[in-house]
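Residues per chain, in single letters:
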Amino acid sequence: MAIAALPAAAADYAGPLFDAHLHYNDEAWSGPHPLADVLARMQRNGVRAIIANSRPNDGTQALASSPQTRQAGVAVVPFVRLYRNRADYTSWFRDEGIYEMVRTELARGTEAGPFRGIGEFHLYDSANAQGPVARKLMQLAEERQLAVLAHVDDVAVDRLMAATPSRGQKVRLIWAHTGIAGAPAARVDELMAKYPLLVGELSYRPGLTCDGGTLCGDWRALLLKYPTRFVIGSDTWVNQRWLYYDELMAGYRRWLGALPPGVARRIAWDNGASLFGVADPK
């Protein structure tokens, strides 16, 4: 992979942000981060749309259905999360009740409209991607044209894709963290070429940035090669992440500003917005 040269200087990206990996879990909304607080954090950081998924799904329902969210100018793309509680993280893939819960939530939808995806879910052992519940959920996603947000390694990406009727050619999998285990950029490149609808989400991504918060060379080259295939996210999985929301978004704006403006806009906003038909902010 050719390494693109960094520009001598660049201003921070100043356009809208699409947070494609946001949780509003029960310990946030029932504790120190009521709806007004989290919406204020989005507003002051220029976050104009989010993929919301929460444990349990009540947090997503609150974000998607509240007039406060609309007044704040934040568009919500709701996903059904598989977790009713923390115990589900490590057992969902063998629990048929989870599959039925997902189907029930999809049928119910939100006051603001239907769910648009499934996840985030975790697979700490890639072998569990071949389990019956994981396979059924991937087949359901392709059948209903739902996106999938999956926290998995590169081996599990192949196994999840193999479970679909199209073998991964017609299902939109948003790869949380683009491989939290640190799959090298060359392996990410291989999977991007293999699966045309695979999208890389960049929170917590090891090796993405180097000294000073600038993009590392191999990742800069990868983003330039696939400018329509990456999105950013906050991953507010614990309350501490809400406390650092400003810093997280400022960090994205910093390295996005070093990319060509059109590429920066795609990764920051256009890719997520076009995937779910979200209108540009006024």
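Worth saying up front: this structure is predicted, and the values here are computed from it rather than measured.

Conventions and cut-offs
- Residues numbered from 1 in each chain as written.
- Predicted model: local features only at pLDDT ≥ 70, side-chain atom pairs only at ≥ 80, totals over all residues.
- Heavy atoms only, no water.
- Phe/Tyr/Trp six-rings, centres within 6.5 Å; stacked < 30°, edge-to-face > 60°.
- Buried < 20%, exposed > 50% of the residue type's maximum accessible area, 1.4 Å probe, protein only.
- Helix = DSSP H or I, 4+ residues; strand = E, 2+ residues; numbered from the N terminus.
- Lys NZ or Arg CZ within 6 Å of the ring centre and 35° of its normal.
- Patch = residues over 30% accessible without salt bridge, like charges linked within 9 Å, V, L, I, M, F, W, Y side chains within 5 Å.
- Areas by Shrake-Rupley, 256 points an atom, 1.4 Å probe, with all protein chains shown as cover.
- Salt bridge = Lys/Arg side-chain N within 4 Å of Asp/Glu carboxyl O.
- Disulfide = S-S within 2.5 Å.
- Core = buried A, V, L, I, M, F, W, Y, C linked by side-chain atoms within 4.5 Å.
- Contact = heavy atoms within 4.5 Å.
- Axes fitted to C-alpha atoms, helices over the stretch in contact; angles between N-to-C directions.
- Parallel < 35°, antiparallel > 145°, perpendicular 65-115°, else oblique.
- Nonpolar A, V, L, I, M, F, W, Y, C, P; charged D, E, K, R; others polar.
- Pairing = 2+ DSSP bridges.

Going through the model one piece at a time under the given rule, you end up with nine aromatic pairs. Here Trp92 and Phe93 contribute two aromatic rings whose centre-to-centre distance is 5.9 Å and whose plane-to-plane angle is 80°, an arrangement assigned as edge-to-face. On the basis of relative accessible area, Phe93 is assigned to the buried category, the value being 10%. With centroids separated by 4.8 Å and ring planes inclined at 45°, the aromatic side chains of Trp92 and Phe121 adopt a geometry described as tilted. Residue Trp92 is found in the loop between strand 3 (75-80) and helix 5 (96-108), and its partner Phe121 is found in strand 4 (residues 117-122); the two are separated by 29 residues along the sequence. Phe121 carries the same exposure label as Trp92, and that label is buried. One residue, Lys136, lies across the ring of Tyr99, its end atom 4.3 Å from the ring centre. The ring of Tyr204 carries the charged tip of Arg241 above its face, separated from the ring centre by 4.1 Å.

We now examine a nonpolar patch on the surface. A cluster of nonpolar side chains, Ile180, Tyr204 and Trp237, forms an exposed patch at the surface whose accessible area comes to about 270 Å². With respect to the helices and strands, the residue Tyr204 is situated in the loop between strand 7 (199-201) and helix 9 (217-225).

Scanning all chains against the criterion turns up one disulfide. One disulfide in the model links Cys210 with Cys216; its S-S distance is 1.9 Å. On the sign convention where negative means left-handed, the S-S torsion of about 125° between Cys210 and Cys216 marks this disulfide as right-handed. For Cys216, a relative accessible area of 9% puts it in the buried group.

This paragraph deals with the nonpolar core. Within the largest apolar cluster, 92 residues are counted, with the highest numbers of intra-cluster contacts made by Met42, Trp92 and Trp255. The residues touching Trp92, leaving out its near neighbours within four places in the chain, are Leu82, Tyr83, Ile98, Phe121, His122, Leu123, Val133, Ala134 and Leu137.

Between helix 7 (residues 154-162) and helix 8 (residues 185-194), whose axes approach to 11 Å, the crossing angle comes to 10°. When the axis of helix 7 is compared with that of helix 8, the two are roughly parallel. Along its contact with helix 7, which presents Asp154, Val157 and Asp158, the element helix 8 presents Arg187, Leu191 and Lys194. Of the residues assigned to the contact of helix 7 with helix 8, the class counts are two nonpolar, no polar and four charged.

Right, let's talk about unusual backbone geometry for a bit. Here the residue pair Arg55 and Pro56 is connected by a cis peptide bond, since its omega of -10° sits within 30 degrees of zero. Along the chain, Pro56 falls in the loop between strand 2 (47-52) and helix 3 (58-65). Between Gly119 and Glu120 the backbone carries a cis peptide bond, its omega angle lying at 10°. When you line up the elements, Glu120 lands in strand 4.

Going through the model one piece at a time under the given rule, you end up with 17 salt bridges. Across the pair Arg44 and Asp246 runs a salt bridge whose closest N-O atoms are separated by 3.1 Å. Highlighted residues: Arg44 in helix 2 (residues 35-44) and Asp246 in helix 11 (residues 245-256), separated in sequence by 202 residues. Close ionic contact of Arg187 with Asp158 constitutes a salt bridge, the shortest N to O distance being 2.9 Å. Of this pair, Arg187 sits in helix 8 while Asp158 sits in helix 7, and the two are 29 residues apart along the sequence. Asp158 shares its class with Arg187; the two are buried. Look at the salt bridges and you will find they share partners, linking Asp154, Asp158, Arg187, Glu190 and Lys194 into a network.

Pairing in this open sheet of eight strands is parallel, and the strands run 1-2-3-4-5-6-7-8 from one edge to the other. One side of each edge strand has no neighbouring strand; the edge strands of this open sheet are strand 1 (17-22) and strand 8 (230-231). Inspection of the sheet shows strand 6 (residues 173-175) paired to strand 7 by two bridges, in the parallel sense. Bridging across to strand 7, Trp175 finds its partner in Gly200. Packed on one face of the sheet, helix 11 meets strand 1, strand 2 and strand 7 and runs near 125° to strand 1.

Below, the discussion takes up helix 8. Here helix 8 has its buried residues at Ala185, Arg187, Val188, Asp189, Leu191 and Met192. Packing partners of the buried residues in helix 8 comprise helix 7, strand 6, strand 7, helix 9 and strand 8.

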